[in-house]
Amino acid sequence: MVKDVFVKTALNKHRKRDAWFLDDYSLNPYQLCEFNCVYCYIRGSKYGENTKHGLAVKINAPTLLEKELYKRARKKEYGFIALSSATEPWMYIEEKYKVTRKCLEVIARFKFPVHCLTKSPLILRDVDLLDEIDKHAVLPEDLKNKLNRGVLITVSLSTLDESVAKVFEPNSPKPRERLNALKELIDNGFYAGIAFMPVLPFISDSNEELEEMVKTARELDVRHVYFSPLTMHDAGRELYFKVLEKYFPDLVEKYEAIYKKWYPEKTYSDQFFRRIINLCKKYNVKLGGK
Ligand code: SF4
């Protein structure tokens, strides 16, 4: 069951802008997430294993956002808003609640730029508003000469293999559906790219699959592409290992060996990035942004 919650603030101001995603703020119209990806870092002791349990609509987010952006705009504190950092803004219930859409209407009115992070083709519903934001957003001073766009879009994938996605992203739209949506966004002229994050060690990181990922980025002519291997925070570790034991029991030891901490051991990650860099050179794909 989806609850309605009333929150005290809508916008989170970040202490430091993220070098990849360029966001100064983040906005999460929902609490938790229907997509329930096994590797998601928002799960944990507070909410339990399933990110659908406790799913809630921040019903007053658009009203609060209006007040918050009014003040920020008066002080000219423009900056990219990440939509979203701890939920999927275009999950299935958004079709009914439209909180993300209402927030976009407010963002468009106050001319803030936005970075959309999504796994969902439902983003296509909002291209009218995104187009308006893209054309009229005011960029922060230090980005004005570097980037002439008010909307950035990043579609995330952890694998291109539908059967692996079914295990690790059980309720998310299929990888092919996400890529089709991305193509449509690019064809519509949006500055859009892919985050292959998290790539799953020994599961979606074979040379063949990494090559397929880089080729996909080339073929779609994305504006940016990021890669990162799985990070395993304490909150999600137990569930991830449970899923490994069930579907990939032979990999449990290998994971224990490389995940002594939250990030894979240096030998693994060095080799991972070396392979990505070589593939990007081979296909003339620029890592990061164009
Ligand atoms: S879509 Fe994103 S926020 Fe939702 S469960 Fe998956 S990783 Fe977490």
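Above this note sits the structure.
What this report covers is the structure whose coordinates are included nearby. (Residues numbered from 1 in each chain as written. Predicted model: local features only at pLDDT ≥ 70, side-chain atom pairs only at ≥ 80, totals over all residues. Heavy atoms only, no water.)

**As for the overall build of the protein chain**
Looking only at helices and strands, the protein chain features 10 helices and 11 strands. What you see for the protein chain is a C-alpha radius of gyration of 19 Å, in line with the 19 Å of a compact globule of 290 residues. Its C-alpha atoms give the protein chain principal-axis dimensions of about 55 × 45 × 30 Å. Considering the protein chain as a whole, with its 290 residues, one finds that 54% of them fall into the buried category. Taking contacts inside the protein chain between residues at least 6 apart in sequence as the whole, the part at least 24 apart equals 77%. Counting only carbon and sulfur atoms, one obtains 51% of the accessible surface of the protein chain, whose full area is about 14300 Å². (Helix = DSSP H or I, 4+ residues; strand = E, 2+ residues; numbered from the N terminus. Rg over C-alpha atoms; globule rule 2.2 N^0.38 Å. Buried < 20%, exposed > 50% of the residue type's maximum accessible area, 1.4 Å probe, protein only. Contact = heavy atoms within 4.5 Å. Areas by Shrake-Rupley, 256 points an atom, 1.4 Å probe, with all protein chains shown as cover.)

**What to know about the nonpolar core**
Ile107, Phe168, Tyr240 and Tyr255 are the most contacted members of the largest nonpolar core, which totals 91 residues. By residue number, the principal contributor to this core is helix α3 (residues 99-110), which donates 7 residues. In terms of nonpolar packing, the next biggest core, distinct from the first, is built from 6 residues, Phe80, Leu143, Leu147 and Tyr191 among them. (Core = buried A, V, L, I, M, F, W, Y, C linked by side-chain atoms within 4.5 Å.)

**Looking at the packing of aromatic side chains**
Two numbers describe a pair of aromatic rings. These are the distance of the centres and the angle of the planes. Taken as a whole, this structure holds 18 aromatic pairs when the rule is applied. Plain terms: the ring middles of tryptophan 20 and phenylalanine 21 are 6.5 Å apart, the flat faces sit at 70° to each other, and that makes the pair edge-to-face. An angle of 85° between the planes, with centres 6.4 Å apart, marks the rings of phenylalanine 241 and tyrosine 255 as edge-to-face. A residue pair is termed long-range when its members are at least 10 positions apart, and phenylalanine 241 in helix α8 (residues 234-247) and tyrosine 255 in helix α9 (residues 252-258) qualify at 14 residues. The residues phenylalanine 241 and tyrosine 255 share a single accessibility class, namely buried. (Phe/Tyr/Trp six-rings, centres within 6.5 Å; stacked < 30°, edge-to-face > 60°.)

**What to know about the site of the ligand**
With respect to spatial proximity, the complete set of residues near the ligand consists of Cys33, Phe35, Asn36, Cys37, Cys40, Thr87 and Lys119. Considered class by class, the residues forming the shell around the ligand number 4 nonpolar, 2 polar and 1 charged. (Near = heavy atom within 4 Å. Nonpolar A, V, L, I, M, F, W, Y, C, P; charged D, E, K, R; others polar.)

**Let's talk about the sheet that holds strand β1 (residues 3-5)**
The sheet built from 3 strands is open, its strands ordered β1-β5-β4 with mixed pairing. At either end of the open sheet lies a strand with only one pairing partner, and these are β1 and β4 (30-31). Pairing of β4 with strand β5 (residues 56-58), which is carried by 2 bridges, proceeds in the antiparallel orientation. Note on β5: the bridge partner recorded for tyrosine 30 is valine 57. (Pairing = 2+ DSSP bridges.)

**Brief notes about the pattern of salt bridges**
Per the counting criterion, the structure on display carries 18 salt bridges. Between aspartate 142 and arginine 17 there is a salt bridge, and its shortest N-O distance comes to 2.8 Å. Here aspartate 142 is found in the loop between α4 (127-136) and β8 (151-157), whereas its partner arginine 17 is found in the loop between β2 (11-13) and β3 (23-27), with 125 residues between them in sequence. Taking relative accessible area as the criterion, aspartate 142 reaches 45% and is therefore assigned partly exposed. One salt bridge in this structure joins lysine 144 and glutamate 141, with 2.8 Å as the shortest N-O distance. Note on lysine 144: relative accessible area 39%, which makes it partly exposed. Three or more residues are tied together by salt bridges with common partners; here these are Glu94, Arg101, Glu105, Arg125, Asp126 and Asp128. (Salt bridge = Lys/Arg side-chain N within 4 Å of Asp/Glu carboxyl O.)

**As for the environment of methionine 213**
By the element assignment, methionine 213 lies in helix α7 (residues 207-220). Taking relative accessible area as the criterion, methionine 213 reaches 0% and is therefore assigned buried. In this structure, the C-alpha to C-alpha distance between methionine 213 and phenylalanine 6, residues 207 residues apart in sequence, is 40 Å. In this structure methionine 213 touches Ser158, Thr159, Leu160, Phe196, Val199, Ser204 and Phe227, once residues within four positions along its chain are discounted.

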